[in-house]
Amino acid sequence: VFGRQPYTVGCSTQCRQNGGCYRAYWSSFTAFDGGLIPGFRGNVTIKRCTTIIIDFDLDLQFYSIVVWGTLIVENRLDASVNLKAACIRIREGGRLLAGEPGAPFQGTL
């Protein structure tokens, strides 16, 4: 399923009071403002109340990656994800996830 999908499980009270929580796949044009998927030397911002799932192999140099919400690397056996940037910041309340308890990440980071 592509596009921005609302969700409630795990959505904080603050987010619910401000329009709710959304998730989207990185490869979806609706994942990022302006409908443009970040490219080489781009800036990536994952907003609060937003979960972005990296659903394909990714090997790009970004200028910055700032995570206020949640950035998930999809757990695929053959996944190959290289997050490279001059600045990577996980802000207060932000999360970067690859795998989970009981299901370790299977790919290459």
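Preceding this section is the structure that the text describes.
So, here is what we can say about the structure in this document. (Residues numbered from 1 in each chain as written. Predicted model: local features only at pLDDT ≥ 70, side-chain atom pairs only at ≥ 80, totals over all residues. Heavy atoms only, no water.)

**Concerning the packing of aromatic side chains**
Moving on, step 1. A complete count under the given rule lists two aromatic pairs for this structure.
Moving on, step 2. When the ring of tryptophan 26 is compared with that of phenylalanine 32, the centres are 5.2 Å apart and the planes differ by 75°; the resulting orientation is edge-to-face. As far as the burial class goes, tryptophan 26 and phenylalanine 32 line up, both buried.
Moving on, step 3. Geometrically, the ring pair formed by tryptophan 26 and phenylalanine 62 is tilted, given 5.9 Å between the ring centres and 55° between the ring planes. Remark: phenylalanine 62 occurs in strand β5 (residues 58-67) and tryptophan 26 occurs in the loop between β2 (21-25) and β3 (43-46); sequence separation between them is 36 residues. The exposure classification of tryptophan 26 matches that of phenylalanine 62, with both residues buried.
Moving on, step 4. One aromatic cluster is present, formed by Trp26, Phe32 and Phe62 through successive ring pairs.
Moving on, step 5. Between the NZ or CZ atom of arginine 23 and the centre of the ring of tyrosine 7, over which it lies, the distance is 4.1 Å. (Phe/Tyr/Trp six-rings, centres within 6.5 Å; stacked < 30°, edge-to-face > 60°. Buried < 20%, exposed > 50% of the residue type's maximum accessible area, 1.4 Å probe, protein only. Helix = DSSP H or I, 4+ residues; strand = E, 2+ residues; numbered from the N terminus. Lys NZ or Arg CZ within 6 Å of the ring centre and 35° of its normal.)

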